[in-house]
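Remarks on the overall topology
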Amino acid sequence: MRDRPGLISLFVLLAALLALAPAPTLLAHHGGPIVFVDAKNPPSADKVCDFHFHSIKAALTNCPQELPDNATILVDPGIYDEGQLTISVKGLQLQSSGGAERTKILGSIDIQAKGVLLQGFDINANGFNDAVAVENIQVHLVGNKLHGAKHEGILVEGSSDDVLISGNEPFNNGRIGIRVLGNSRNAQIEKNKVRSNGTAGISIEGNSDGFLITDNTISLNQGEGISISSSDNGQIAKNQLISNGLEGIELQDANGNTIVDNTISSSSLYGISLVASDNNEVRGNQVSSNGAGGIALREGDQAAQRNTVESNQILGNIKAGASGVLLEGDVTGSIVLNNTLSNNSFGIRFTQSTAKHSPSNNTLVSNEISDSDQDGISVEASAGQNVFRSNKINSNNGVGLYISAGQGNDEVAGNSLESNGDQGILIEGSPRNAVHDNTLTANGGQGIALMSGADATSVIKNTITSGEQEGVFLSGVNDVRSEEHTSELQSPSFISYAVFCLKKSIFFFSQCALNKILYRIIYKLVTIHESI
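In this report, we go over the structure that sits alongside the text. Numbering of residues starts from 1 in each chain and follows the order in which that chain's sequence is written. Confidence filtering applies because this is a predicted model: local features only for residues at pLDDT of at least 70, side-chain atom pairs given and counted only at 80 or more, and all residues used for totals across whole chains, interfaces and linings. To obtain the side-chain values, all non-hydrogen atoms of the structure were included, while hydrogens and water were left out.

Of the two faces of strand S18 (residues 202–205), both are covered, the one formed by Ile202 and Ile204 as well as the one formed by Ser203 and Glu205. In short, DSSP must find at least two bridges between two strands for them to pair. Each helix is a run of DSSP H or I of at least 4 residues and each strand a run of E of at least 2, with the numbering of both proceeding from the N terminus. Sheet analysis places strand S15 (residues 178–180) next to S18, joined by three bridges and oriented parallel. In the sheet register, Arg179 faces S18, and the bridge partner there is Ser203. Judged from the four bridges that link them, S18 and strand S21 (residues 226–229) form a sheet pairing that is parallel. Burial classes: relative accessible area under 20% of the type maximum marks a residue as buried, over 50% as exposed, and values in between as partly exposed (1.4 Å probe, protein chains only).

Written out as structure tokens, the structure is:
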């Protein structure tokens, strides 16, 4: 075959043009170049600005003029001993090509620029204060493992808004797994595994409002699983919190937040605790086997007001004194609605704070409370005007509903109390209450008992059947109004006068007869049947 001069000339021309053209090492990616880092490159590669480096630090610092905004640094698998790294390039994407299992950084990363993405690294802080610190807005941390920090796995410094923390694993850090500091709004923390940190798993602090914490697994942290302080209008949803050293979730001075559809178990203290926090919703959570109790509403340096606890499953918080739901101290305006509480030490409990304040103006409606080791509902302190309505209180070992102290003016209405070990309803030390339209069946003690201090209480239109003792029993009380009951004592071995007696003298039997009572009493040769 003969040579073709025209074709040879064309090849020569193309070669010349290629020689004059720039090297095709810059690939367009979201508006910036790609820089490559590979630990297999020789260290001398860090001295040449050809976009192929041996270390991440060299890629960040050695050729700053070649690293514009929105650049990408793509890091191949390997171990990178970097010390302190600082990212100051806006929109930089620092990504591994092989993921966190294969790409390890020894050191700490400080992100100072806006819009940075850090993805796919195993970062061993190796004694630095924080594995990653964020100091600007719109930073995304995705798919990293962060451990060995003296303080935090991830630290979001103040005023760093719109940070996304997704799919990371902060573990074995000295203090907090993920910490968001003051005025860092709209943090989104999702799908992370946060475990075995020295204090809290996740902490949101100081006016970092509008946060979202969702779909995380948070376990074995020595403090709270999630701690929210002085931050409002956030959401904690669909997280699993297991075996954390203090509360599963704690809010302190945090308002307008929603805690929904979380599973919380085996916390050393409460599953969920709201302290000095207002207008929060706790809804649809499963809270079980926590040391101090299920859900607690408590005063702190101020009252806890207008919180709603609704449709939660609160089970198996059985350590001595643990409550399914606790209201402690100056807790007002709470609504506890439609919850299922079973196998707790107490079902729902009202107590006094160390400052000697008591709950008031709270409403408990349509809860199912069963199989408590002690009382179904125990009101040990009250500033009055609480409402207990339409609850099912069954098979508790102690009293169904026990008000043992308070300023009174409570309403107990429309409840069903069955098969409790002691009285269905027992009130003492609390005056001026209204007990009406309740159904009491097969309780071990009296159906309704009013003891000393329960003066001026009205007991009206209750249905009391199949109990072991009196239907209505009064002792040491004055000015009690009791009428229009339906009652039948079905234990023939127990003596009672019209199933409604004042334990003073038979003289008071005339007052018993004012009640509309259906009763049956058998004692020796005397049988009384009367319907008034």
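Moving on: the pattern of salt bridges. Here, a salt bridge means any side-chain nitrogen of Lys or Arg that lies within 4 Å of a carboxyl oxygen of Asp or Glu. For the structure shown, the criterion picks out eleven salt bridges. Here Lys145 makes a salt bridge to Glu101, at a shortest N to O gap of 2.4 Å. Of this pair, Lys145 sits in strand S11 (residues 145–147) while Glu101 sits in the loop between strand S5 (93–96) and strand S6 (103–111), and the two are 44 residues apart along the sequence. Classification of Lys145 by relative accessible area gives buried; the value is 15%. Given the relative accessible area of 56%, Glu101 is considered exposed. Here Arg179 ties to Glu205 by a salt bridge, and the two come within 2.8 Å at their closest N and O atoms. Here Glu205 lies in strand S18 and Arg179 lies in strand S15, a separation of 26 residues in the sequence. A relative accessible area of 16% means that Glu205 is categorised as buried. When salt bridges with common partners are traced through the structure, they connect Glu152, Arg175, Arg179 and Glu205 into a single cluster.

Despite not being glycine, Gln138 shows a phi value in the positive range, around 55°. Along the chain, Gln138 falls in the loop between strand S9 (132–134) and strand S10 (140–142). A relative accessible area of 35% places Gln138 in the partly exposed class. Phi is positive for Asn233, close to 55°, though the residue is something other than glycine. By the element assignment, Asn233 lies in the loop between S21 and strand S22 (235–237). Residue classification places Asn233 among the exposed positions, given a relative accessible area of 54%.

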